[in-house]
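Structural overview for review
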Amino acid sequence: MQKWKHRWHALCRLEQSFKPRGLVLLVMALALILTGYSVGYVEQWALHKQVDHYQAAQEEWHQERLELERELATRGLEVRMEQQSQAETREMMARQREQIQALETDLTFFRNIMAPEKTADGVQIHDFILDETADLDRFRFRLVLTQQKIRKRFVKGNVTLTLYGSEQGQAVSRDLTQLGVDGAGLKFSFRYFQQLEDEFTLPQGFVPERLVVQLRLPAATGQKASSAEISYPFADLVSAPIMAQLRENH
């Protein structure tokens, strides 16, 4: 009997000590569960918000990429059209240059036909070019002679170059052989064409006005004696600034 009383008292003490602690533990457990649920819900909500934000940003970037692709395609089309237009323009300009060259060739041919004074027995003064040098008074000329007749022999002759102008207010003329041109270099002998060239220096105080090219062919086998002459205004052979300096300095 005494044994059972002892057990009863121990059980009562255990019950008294257990109930408050169990209640506290239960409340704490419930609090932890609620806290965990709340934290999980908040984190899940934040995660959803972040996902929504990323999806919106991705959609925005996608739209921007599409817009850039459309703009790039438009620019590419414009560039291709511009390149095509430039290519067509270059092709058209090339055709025009060819046409101009052909017209110039024809024009030169007809000018030669209409200018018999430039021809001596089929030998023609094709072109005369005067080049400026670093020295104001020094010039280099190039004279191109061509032959219009078909000959088995070489045509031979000589050229005379005479410069007309003024010196101290007086009209004067100078043969270019007096101004440095080699007379032997003015002789020609050719079947198709020949270029004569040399340099000369203007005398001090001499103002050039015109340059006369005279072509002479002596009588020989296969050619008859003949001559041709052409006069070039000196101002047409040099640039305007050079001509102005010549007149001012002389």
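This section reports on the structure supplied with the text. A quick note: this is a predicted structure, and the numbers were derived from the prediction, not measured. (Residues numbered from 1 in each chain as written. Predicted model: local features only at pLDDT ≥ 70, side-chain atom pairs only at ≥ 80, totals over all residues. Heavy atoms only, no water.)

1. Overview of unusual backbone geometry
Glycine aside, negative phi is the norm for most residues, and most peptide bonds take the trans geometry. For clarity, the cut-off: For the purposes of this entry, the term helix denotes a DSSP run of H or I that reaches at least four residues, the term strand denotes a run of E that reaches at least two, and both are numbered from the N terminus.
For Q168, which is not a glycine, the phi torsion comes out positive at approximately 55 degrees. You can see Q168 is positioned in the loop between β4 (155-167) and β5 (170-175).

2. Side note on the pairing of β5
In plain terms, the rule: At least two bridges found by DSSP between two strands is the condition for calling them paired.
Alignment of β4 against β5, held across six bridges, turns out to be antiparallel. Paired with L163 across the bridge in β5 is R174. Hairpin connection between β4 and β5: a loop of two residues separates the two successive antiparallel strands, and Q168 in this loop has a positive phi of roughly 55 degrees.

3. Here's the deal with helix α3 (residues 240-249)
Where we set the bar: To sort residues, take the accessible area from a 1.4 Å probe on protein chains only and compare it with the maximum for the residue type: under 20% means buried, over 50% means exposed, and anything in between is partly exposed. Starting at the helix axis, one direction is taken to each C-beta atom, and the arc is that of these directions. Pairs of residues are marked as contacts when any of their non-hydrogen atoms sit within 4.5 Å.
All of the buried residues along α3 are I242, M243 and L246. Viewed along the axis of α3, the buried residues span an arc of 100 degrees, placing them on a single side of the element. Of the exposed residues in α3, the ones pointing more than 90 degrees away from its buried face are A240, P241 and E248. Looking at the packing, one finds that the buried side of α3 touches β2 (123-132), β3 (138-147), β8 (206-217) and α2 (234-237).

4. Quick notes on the pattern of salt bridges
So the rule is basically this: Within this document, salt bridges are pairs made up of a side-chain nitrogen of Lys or Arg and a carboxyl oxygen of Asp or Glu, the two lying within 4 Å of each other.
In this structure the tally under the stated criterion is nine salt bridges. Among the salt bridges present, the one from R95 reaches E91, with a minimum N-O distance of 3.2 Å. Taken together, the residues R95 and E91, both in helix α1 (residues 2-114) and four residues apart, mark about one turn of the helix. With a shortest N-O distance of 3.2 Å, R140 and E197 are connected by a salt bridge. A residue pair is termed long-range when its members are at least 10 positions apart, and R140 in strand β3 and E197 in strand β7 (residues 193-201) qualify at 57 residues. Classification of R140 by relative accessible area gives partly exposed; the value is 29%. Residue classification places E197 among the partly exposed residues on the basis of a relative accessible area of 38%. By sharing partners, the salt bridges in this structure join R138, R140, E197 and E199 into a single network.

5. Quick notes on the packing of aromatic side chains
The description of an aromatic ring pair rests on the distance of the ring centres and on the angle between the ring planes. Applied cut-off: A pair of Phe, Tyr and Trp rings is counted when the ring centres sit within 6.5 Å of each other, with Trp represented by its six-membered ring. The angle between the planes then sorts it: under 30 degrees is stacked, over 60 is edge-to-face, the rest tilted. Each ring is checked for a lysine NZ or an arginine CZ that lies within 6 Å of its centre and within 35 degrees of its normal; such an atom marks a charge sitting over the ring.
Considering all chains together, one arrives at five aromatic pairs under this definition. Residues F188 and F190 carry aromatic rings whose centres are separated by 5.8 Å and whose planes lie at 50 degrees to one another, so their mutual orientation is tilted. Since its relative accessible area comes to 3%, F188 is described here as buried. The buried category is assigned to F190, whose relative accessible area is 3%. Members of the aromatic cluster, each reached through a chain of ring pairs, are F128, F141 and Y232. Here R210 stacks its cationic end above the ring of Y164, 4.2 Å away from the centre of that ring.

6. What to know about the environment of E209
Its place among the elements puts E209 in strand β8. Separated by 36 residues in the primary sequence, E209 and S173 place their C-alpha atoms 9.8 Å from one another. Apart from residues no more than four positions distant in its own chain, E209 is found in contact with Y164, G165, Y232, P233, F234 and R247.

7. Observations concerning the nonpolar core
Worth spelling out the cut-off: Nonpolar cores were defined as sets of buried Ala, Val, Leu, Ile, Met, Phe, Trp, Tyr and Cys residues, with membership established by side-chain atoms within 4.5 Å.
In this structure, V159, F200 and V213 are the most contacted members of the largest nonpolar core, which totals 35 residues. Element by element, the count of residues in this core is highest for β8, at five residues. Apart from the residues lying within four places of it in its own chain, the contact partners of V213 are I125, F128, L143, V159, T160, L161, A228, E229, I230 and Y232.

8. Points about the side chain of Q147
Checked against the element boundaries, Q147 lands in strand β3. Judged by relative accessible area, which is 12%, Q147 ranks as buried. Residues within four places of Q147 in sequence aside, it is in contact with G122, V123, V155, F190, R191 and Y192.

9. Details of the pairing of β4
Looking along a regular strand, one sees side chains alternate from face to face of the sheet. Here four bridges tie β4 to strand β6 (residues 187-190), and the two strands are oriented antiparallel to one another. Directly across from V155, in β6, lies its bridge partner F190. Examined bridge by bridge, β4 and β8 share ten bridges and lie antiparallel to one another. Of the residues in β8, the one forming a bridge with T160 is Q214.

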